Amino acid sequence: MTGLLNAPNADMQPDGMFMAGGNFLPEQLMPETWHYNSGNYFLNITFFPFVEVAYRCTLFRGEYKAGNKWQQDRSVSLRLRPVRESRYVPAVVVGSNDVFTTNELNAFNGTNGNRYFASIYAVTTKNIPVGGHVCGITFGSYLFSKNALYKGVFCGIKYTPSFLKPVSLIAEYDANGVNVGTSARLFKHVFLHAFSYDFKALSCGMRYEFRLMN
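Report follows, based on the coordinates. Bear in mind that the values here come from a model prediction, so they are computed numbers and not experimental data.

Details of the sheet that holds strand S6 (residues 119-130)
No. 1: Taken together, 12 strands build a closed barrel; the order of strands is S1-S2-S3-S4-S5-S6-S7-S8-S9-S10-S11-S12 and the barrel is antiparallel. Averaged over all pairs of adjacent strands, the angle between their axes in this sheet comes to 20°, without regard to strand direction.

Considering the pattern of salt bridges
No. 1: The final tally for this structure, using the stated rule, is 5 salt bridges.
No. 2: Between Arg79 and Glu52 there is a salt bridge whose closest N-O contact spans 3.0 Å. Of this pair, Arg79 sits in strand S4 (residues 70-83) while Glu52 sits in strand S3 (residues 51-61); the two residues are 27 residues apart in sequence, bridging distant segments of the chain. Assigned by exposure class, Arg79 and Glu52 land together as buried.
No. 3: With a closest N to O distance of 3.5 Å, Lys200 and Asp198 form a salt bridge.
No. 4: On the accessibility criterion, Asp198 (21% relative accessible area) is partly exposed.
No. 5: When salt bridges with common partners are traced through the structure, they connect Arg185, Arg207 and Glu209 into a single cluster.

Some points on unusual backbone geometry
No. 1: In this structure, Phe187 takes a positive phi of about 55° despite not being glycine.
No. 2: Counting through the fold element by element, Phe187 comes out in the loop between strand S10 (178-186) and strand S11 (190-197).
No. 3: Non-glycine residue Asp198 carries a positive phi angle of around 50°.
No. 4: Tracing the sequence through the fold places Asp198 in the loop between S11 and strand S12 (201-211).

Rules and cut-offs
Residues numbered from 1 in each chain as written. Predicted model: local features only at pLDDT ≥ 70, side-chain atom pairs only at ≥ 80, totals over all residues. Heavy atoms only, no water. Pairing = 2+ DSSP bridges. Helix = DSSP H or I, 4+ residues; strand = E, 2+ residues; numbered from the N terminus. Axes fitted to C-alpha atoms, helices over the stretch in contact; angles between N-to-C directions. Salt bridge = Lys/Arg side-chain N within 4 Å of Asp/Glu carboxyl O. Buried < 20%, exposed > 50% of the residue type's maximum accessible area, 1.4 Å probe, protein only.

What follows is the structure, given as structure tokens:
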């Protein structure tokens, strides 16, 4: 989903933006069920400038089957923006990740089932222009997170220099650790990112994006 490195923010993609990509996920970044490096791939669309939906598949090994074959954990994410950013008002977004499962459709039930990445959150972001540079400040909190992978508050800073606007430098506290990294746009439609997860491991990813409508 649209966000910082491993934490959400309240920025939104333009109306009609479609994104597809994948990420390398080190073991340190994963729930306890994963004892190995993994990855995911996803499809994402912003139906309106205030609604974003994503479908994600995360790879895991089916240890209960012969051959220890790779399987997929499927999840859906949703973001809604009730408050749009203006000159003096920060944007506000509420969102969820992986909150429904075939075993339990109640998103607020404490039973995790296969909701490995379940979270519900509220977040606010204000982008502050300074002499052509832009500094985005984010603060948020995970809600109803009794058995969730991430609990409590998170925050971050995203800096985009005026002399190199396709590149952003990002630092965040994702509620579990401190991450630092960068994202960069290449050839208009390709985005790359890489970051250090709590200074313990490296993660990286790539996505392709384009607008379905103008």
